[in-house]
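Structural characterization, general
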Amino acid sequence: MRKFIFAVMLILVTSIQNIAGAANFNNIDWKNAPRFNSKAEFFKYIKECEKNCKTEIAVIFTNGLLVNVDEFLKVSTNSQYVNITWLNEKPVKALYETGIYPGAKVEYAYRTGNTSILSADEKKLYNVAVQIVNEAKKQPTPLQKELFLHEKITQKVSYYTAQTNSKAPRHCTAIGALIDGRANCQGYVDAFYMLGRMAGLNVGKMTGVANNTPHAWNSITFGDGRIYAVDVTFDDASFVLSDGEYNNYIYFNAPLEILKTTHTWEAAYNPTLQPKIDGRYFYCTKEFFETDGKYFAFNARSAEEALNYIAQRISKNGYRFSWGMAPYNSNYANTKFSLNRLVREILPNQYNFYGQAKMSIARRGNWIFYTVDAQSNN
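So, a few notes on the structure that sits alongside this text.

**Here's the deal with the environment of Asn331**
- Along the polypeptide, Asn331 turns up in the loop between strand 15 (321–327) and helix 13 (335–351).
- Along the sequence, Asn331 and Ala303 sit 28 residues apart, while their C-alpha atoms lie 9.2 Å from each other.

See below:
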């Protein structure tokens, strides 16, 4: 079962060497190495290398420039770790040797048709990923593709973390997530990045802090350029009942106004998010209306309206679980108050429904989010 949603320390094992005699370093054709005198230009180059899963990046820095490990990893989000070998002279010759996340390598292999770069475990991951992606591509809209992948990951993964001396622990990768069935936030992120991009979605990565702990999550960019956050780790098993754990969807295409209430990040190294909730946010999607709430939930104009809609779904459609959001109201943000209002007043008086229900309420900024599990006494 998925028992935890807490983020863990990002395990980014690195070393910096001041050794000019390293074998790889001496084999570089330095005459043709690109030169950089600004971090911005070098960062663009890193992103291009990252797209092509380049694991050795040799550059020459001028004007006293040098990019350290932390800066490199903030830009190259697909590098799980990096070693730097550099020659302390002017201009500075530097070699960055990176370990690429398995999910990023699988995505590259799928995109280029070159599976020769994959290890035995990565080939297993490739086969699993292709099966999932083939199913996802059958979904009619990008949002439904995205939801399908979100659900597949949460079904397969249990949150897990452990101390390790390894530079590339399995539970910090898509291998841990989809092969072993256990992963930390990095594993969730690597898996969603891999599957999303293989399915044709423009998925990226973000890093920062959540719950006062270093954390990683995804971003997704749609055709109109709007960017949202997707935190599969935090959505997974976020609603706990006596008979199991269930997802919430607060961080499914979350805009800035939602994410900033629990997450912080450096703007310089992360994308600019859509500022406000719109029709791509899980609880506001038009897919909800088209599928009668089978997958997507709703955005109510008031907490009372939210409870009425939940009651309607429970009584008429027979849905056991209901999700919804509403503007913050201090009375309705109280679980006991809202649950009594739903079970003792709205359901029996308006729908002649008698039963039991359990409720979870989360507040994020100016919004409250309901998750309800209801069962009839009949």
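**Let's talk about the side chain of Glu151**
- Inspection of the secondary structure puts Glu151 in helix 6 (residues 142–156).
- Among the polar contacts made by the side chain of Glu151, one reaches the side chain of His150 at a distance of 3.0 Å.

**Quick notes on helix 6**
- In a regular helix each residue adds 1.5 Å, so 15 residues correspond to 21 Å; helix 6 covers 21 Å between its end C-alpha atoms and thus fits that length.
- Restricting attention to buried positions, one finds in helix 6 the residues Leu143, Gln144, Lys145, Glu146, Leu147, Phe148, Leu149, His150, Glu151, Lys152, Ile153 and Thr154.

**Quick look at the sheet that holds strand 10 (residues 227–230)**
- Reading across from one edge, 13-10-9-8-14 is the order of the 5 strands in this open sheet, with antiparallel pairing throughout. If you trace the sheet from one side to the other, it starts and ends with strand 13 (252–254) and strand 14 (263–264), each paired once.
- Strand contacts of helix 6: strand 9 (213–221), strand 10 and strand 13, with the helix running at about 115° to strand 13, the strand carrying the most contacts.
- Taken strand by strand, helix 8 (residues 185–198) contacts strand 8 (202–210), strand 9 and strand 10, and its axis lies near 165° from that of strand 8.

**Some details on the packing of aromatic side chains**
- For the coordinates displayed, the defined rule picks out 22 aromatic pairs.
- Note on Phe42 and Phe43: the rings are 6.5 Å apart at their centroids and 45° apart in plane angle, and the pair reads as tilted.
- Residue classification places Phe42 among the buried residues on the basis of a relative accessible area of 0%.
- On the basis of relative accessible area, Phe43 is assigned to the buried category, the value being 16%.
- Taken together, a centroid distance of 4.9 Å and an interplanar angle of 10° make the contact between Phe72 and Tyr96 stacked. One end of the pair, Phe72, is in helix 3 (residues 69–75); the other, Tyr96, is in strand 5 (residues 92–100), with 24 residues separating them in the sequence.
- Note on Phe72: relative accessible area 0%, which makes it buried.

**Considerations on the packing of helix 4 (residues 102–112) against helix 5 (residues 120–136)**
- Relative orientation of the contacting elements helix 4 and helix 5 amounts to 65°, with a least axis distance of 10 Å. Looking at the two axes, helix 4 sits roughly perpendicular to helix 5. You can see that helix 4 and helix 5 cross each other, and the crossing is right-handed. Contact residues: helix 4 offers Pro102, Gly103, Lys105, Val106, Ala109 and Tyr110, while helix 5 offers Glu122, Leu125, Tyr126, Ala129, Val130 and Val133.
- A per-class count over the contact of helix 4 with helix 5 returns 9 nonpolar, 1 polar and 2 charged.

Conventions adopted
Positions within a chain are numbered from 1, following the residues in the order the chain's sequence is written. A pLDDT threshold of at least 70 governs which residues receive local features in this predicted model, and a stricter bar of 80 or more applies before side-chain atom pairs are shown or counted, although totals over entire chains, interfaces and linings include all residues. Working from all heavy atoms in the structure, the side-chain values ignore hydrogens and water. Helix and strand assignments follow DSSP, with helices taken as H or I runs no shorter than four residues and strands as E runs no shorter than two, numbered in order from the N terminus. Here a polar contact is recorded for every N or O atom pair within 3.5 Å, except that within protein the pair must consist of a potential hydrogen donor and a potential acceptor, and residues adjacent in sequence are included only if both atoms are side-chain atoms. Multiplying one less than the number of residues by 1.5 Å gives the expected span of a helix. Under the scheme applied here, a residue whose accessible area is under 20% of the maximum for its type counts as buried, over 50% as exposed, and between as partly exposed, the area being computed with a 1.4 Å probe on protein chains only. A pair of strands is considered paired only if DSSP assigns at least 2 bridges between the two. Throughout, a contact is declared for two residues whenever any of their heavy atoms are within 4.5 Å. As a rule, the C-alpha atoms of each element are fitted with a line to give its axis, helices using only the stretch in contact, and angles between N-to-C directions run from 0 to 180 degrees. Between 30 and 60 degrees the pair is tilted, below 30 it is stacked and above 60 it is edge-to-face, where a pair is any two Phe, Tyr or Trp rings, Trp via its six-membered ring, whose centres lie within 6.5 Å. By the definition adopted for this analysis, an angle is roughly parallel if under 35 degrees, roughly antiparallel if over 145, roughly perpendicular if from 65 to 115, and oblique otherwise. Left-handed describes a crossing in which the near helix is turned anticlockwise from the far one by less than a right angle; the clockwise case is right-handed. Throughout, the ten residues Ala, Val, Leu, Ile, Met, Phe, Trp, Tyr, Cys and Pro are labelled nonpolar, Asp, Glu, Lys and Arg are labelled charged, and all others, Gly among them, are labelled polar.

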